[in-house]
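Survey of secondary and tertiary structure
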Amino acid sequence: MASNYHTVYEQWKSDPDGFWGEAATAIDWAKPADKIFDDTMGPYGQWFSGALCNTCYNCVDRHAEGGRTDQAAIIYDSPITGSKRTITYGELHAEVQALAHVMTEKGVKQGDRVIIYMPMVPEAAMAMLACARIGAIHSVVFGGFAARELATRIEDSAPAMIISASCGIEPGRVIAYKPLLDEAIEISSHKPSATLILQREQLGCDLIEGRDFDYAELVGSARDSGVTFKCADVKATDPLYILYTSGTTGQPKGVVRDNGGHMVALKWSMNAMYGVDPGEVFWAASDVGWVVGHSYIVYAPLLHGCTTIIFEGKPVGTPDAGTFWRVIAEHGVSVLFTAPTAFRAIKKEDPDGSLIGQYDLSGFRTLFLAGERADPDTIQWAEDKLSVPVIDHWWQTETGWTIAGNPVGLGLLPVKHGSPAVPMPGYDIQVLDDEGHPVETGALGNIVVKLPLPPSCLPTLWNADERFRTTYLEEFPGYYKTADAGYVDEDGYLFIMARTDDIINVAGHRLSTGGMEEVIAGHKDVAECAVIGIADKLKGQIPAGFLIINSGVSRSEEEIEKEVISLVRKKIGPVAAFKTAITVPRLPKTRSGKILRATMQKIADGEDWKMPATIDDPAILTEIGEALHKRGFGG
Ligand code: COA
Ligand code: AMP
């Protein structure tokens, strides 16, 4: 079928309000918007002002009451614990009402914040939906973060309640969450008034009298007594959630998502982008702690009346590289969305794809990849082995949905390996040089989006309008700075090549090298340090830290390097995947004292590099090359 994309994109461009107003008719509103886009609100305007709505109502109630009562809403498949569970829309309706009841009994009110620090269990999604039902603002924190990171988020969002579990499970180890939670609350000056703890059979925990409550006990008794809990009317412009993401410092940015615009864009994307119909099974193999998990494990599939999969496992090792195919076959998954790194892991374990043939994948239609650049080798392998279209699409925590992609539902455009294809309606993408002038077709530059951003994109940062302006709006007036660099080719296809800031992408996880440097610099024997991302075949990038040790320290370099590695794990968490610390005598700098991280990265990746004209002492780069070489980096 010929793609309808160009027509739809032009429809949006010629009448953005008409376009999004039409898309909004797919949502049930308690009161429709006074204005589709209101440019008097927030730092650059807001969507659907004056409207009242409830995201939980649109995700759950209208399906439970509208003929999907017995359809599976959530399938929980956990190869790591050997358990499975199906929750219908009717059951989900009862569960979220019971949980919302318990939460309000413990003091949570509309507008309050609630932190959710949970592994991949259905209760994590239920907690998000219960917050939405009450009109409370959730902030989910990924389980692989350490106590200090959790504390930063508690401090910034000041939650009334924290919902957590006794443990998470990683291959080969059970992670006790409760000590991390207790430590985080201890460090933070803000204390939540209550916590709800889901006790898991793999490892239970003690509850602190008067503060910690047993999730299953309270929710179970509310459910058994048949409590009902009405959805609150919230403003479309009210925050649904805050999701913290890495910025250029150790202080994460609280990306705010509203209720109305978020629902409209996500609902629209399910058919237009993913080509999925209500009632089908959609699987995003990510984690609820990341934006992909928020948008495409929880909200979008449920808004659309699909069945979503909550998968607690890994692409390999739980138990093997055939797990994804088993889940697709067993649950009738039509569309899978994951990060390229998951496919690189599978390809490494099962290069011939021999496990694929063991499963019936006849109902599987499309594979979507995002979170990091999809390398052409991985796309080719997936196309060859699965014989379905493999679609790269580009987005950010800040947008909550696709910026550029190949819209399957509007009709597939030709696939170009290495490119996430074309801008979605709502995004007027430009490529500018550092002075803000458009570059020529095919030339590399800063990728920016002309304001206003479309529905679902962040209206601001939590409690930080000024940081929002300086981070995203100031450098290129009239545009949102994506902090990605790339180019547009002669067919209008976008190529995303690199970040323009110090963010690195490790196994599809976004990490701040600046944040790691702050931790390393806190080690008593470290005088100075620099962290860069080095290309890695499996994870895309891995962090490597260069240390200068204080003069007069007599302990061995190895000992200090080990301590630095465990310090990053303790302070940021295992997710930082920081395993390489290299002691060097000096760091390469410009004459004005700026560390030449980009040049160091090129050397580490074995790429061509030029001696920077402003370098203070060129010999230092040779030293860095030698130090990297000793550790097996640098080609
Ligand atoms: N709780 C606690 N620890 C966690 C965790 C969690 N939820 N998630 C990851 N970790 C730990 C891992 O166990 C690992 O610890 P280790 O250093 O002791 O081995 C560390 O954090 C690094 O994790 P990761 O970078 O994910 O590496 P991995 O070797 O465990 O797995 C992949 C590699 C490719 C299999 C894995 O990253 C993956 O499945 N990725 C899928 C893509 C994805 O989810 N992307 C998210 C955005 S779409
Ligand atoms: P996150 O906010 O964690 O989703 O990370 C967003 C960043 O990941 C983007 O700014 C890009 O640098 C990178 N990214 C995400 N998807 C893609 C993609 N399809 N191609 C290239 N880079 C991507």
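Everything that follows concerns the structure shown earlier in this document.
What comes next concerns the included structure. Small disclaimer: the values here were computed from a predicted structure and weren't measured. By convention here, each chain's residues receive numbers from 1 onward along its written sequence. Key to labels: chains lettered from A, ligands numbered from 1, both in the order written. Under the rules for a predicted model, residues below a pLDDT of 70 receive no local features and side-chain atom pairs below 80 are neither given nor counted, while totals for whole chains, interfaces and linings still include all residues. As a convention, hydrogens and water are excluded, and side-chain values are obtained from all of the structure's heavy atoms.

Around ligand 1, the structure places 22 residues, and the nearest of them are Glu170, Arg173, Lys539, Arg569 and Lys579. In protein, a polar contact means a hydrogen-donor-capable atom and an acceptor-capable atom, both N or O and within 3.5 Å, with residues adjacent in sequence counting only if both atoms are side-chain atoms; elsewhere, any N or O pair within 3.5 Å suffices. In the model, an oxygen atom of ligand 1 is placed 3.4 Å from a nitrogen or oxygen of the Pro574 main chain. Shrake-Rupley sampling with a 1.4 Å probe provides the accessible areas, and residues are treated as covered by the protein chains on show and by no other component. Surface burial for ligand 1 is 83%, taken as the share of its 940 Å² of free accessible area covered by protein chains. Elements represented by at least two residues in the shell around ligand 1 include exactly β10 (173-176) and α12 (340-349). Three categories are distinguished: nonpolar for Ala, Val, Leu, Ile, Met, Phe, Trp, Tyr, Cys and Pro, charged for Asp, Glu, Lys and Arg, and polar for the others, with Gly belonging to the last. A breakdown of the residues in the shell around ligand 1 according to their chemical character gives 10 nonpolar, 6 polar and 6 charged. Each of domain 1 (5-313 + 393-486) and domain 2 (511-630) contributes no fewer than three residues to the shell around ligand 1. Whether a residue is near a molecule or strand is decided by its heavy atoms; if any one of them lies within 4 Å of it, the residue is near. The helix count covers DSSP runs of H or I at least four residues long, the strand count covers runs of E at least two residues long, and both are numbered beginning at the N terminus. Residue ranges assigned to the domains are those given by an automatic or database domain assignment.

This paragraph deals with the environment of Leu628. Considering the arrangement of structural elements, one finds Leu628 in helix α18 (residues 619-630). Residue Leu628 is classed as buried on the basis of its relative accessible area, which comes to 0%. Separated by 123 residues in sequence, Leu628 and Asn505 place their C-alpha atoms 20 Å apart. Should any heavy atoms of two residues lie within 4.5 Å, those residues are considered in contact. Excluding residues within four positions of it along the chain, Leu628 makes contact with Ile534, Phe546, Ile582, Met600, Ile603, Ala604 and Phe633. Each residue is placed in one exposure class: buried if its accessible area under a 1.4 Å probe, protein chains only, is under 20% of its type's maximum, exposed if it is over 50%, and partly exposed if it falls in between.

Let us look at the site of ligand 2. Near ligand 2 lie 15 residues; those nearest to it are Asp392, Thr397, Asp484, Arg499 and Arg510. At 2.9 Å, a side-chain N or O of Gln396 approaches an oxygen atom of ligand 2. In this structure, Thr397 approaches ligand 2 through a side-chain N or O atom, which is 2.5 Å from an oxygen atom. For ligand 2, whose free accessible area comes to 500 Å², the fraction covered by protein is 92%. When grouped by side-chain class, the residues that make up the shell around ligand 2 number 4 nonpolar, 5 polar and 6 charged.

For the rest of this paragraph, the subject is the sheet that holds strand β5 (residues 83-88). The mixed open sheet is built from 7 strands, whose spatial order is β5-β4-β17-β16-β18-β19-β20. In this open sheet, the two strands that pair with only one neighbour each are β5 and β20 (390-392). Across the sheet, the axes of successive neighbouring strands diverge by a mean angle of 20°, strand direction being ignored. In this structure, strand β16 (residues 281-284) lies alongside strand β18 (residues 333-338), joined through 4 bridges in parallel fashion. Along β18, the bridge assignment pairs Trp283 with Leu336. Along the sheet face, helix α10 (residues 291-303) touches β4 (72-78), β16, β17 (307-311) and β18 and points at about 150° away from the line of β17. Between any two strands, pairing holds if DSSP finds at least two bridges. Helix axes are fitted to C-alpha atoms over the stretch in contact, other axes to C-alpha atoms as well, and angles between N-to-C directions run from 0 to 180 degrees.

For the rest of this paragraph, the subject is the side chain of Ser512. Here Ser512 lies in strand β28 (residues 509-512). According to the relative accessible area criterion, Ser512 is buried, its value standing at 8%. Here the side chain of Ser512 touches Gly514 through a polar contact of 3.3 Å, landing on its backbone nitrogen. A polar contact of 2.9 Å, which involves the side chain of Ser512, links it to the backbone nitrogen of Gly515. Residues within four places of Ser512 in sequence aside, it is in contact with Ser246, Gly247, Thr248, Thr249 and Asp502.

In this section: the pairing of strand β29 (residues 526-536). Pairing analysis gives 10 bridges linking β29 to strand β30 (residues 540-549), with the strands arranged antiparallel. Counted as the bridge partner of Asp536 is Gly540 from β30. Counting the residues in the hairpin turn of β29 and β30 gives 3 residues.

All we've got here are geometric facts, nothing functional implied.
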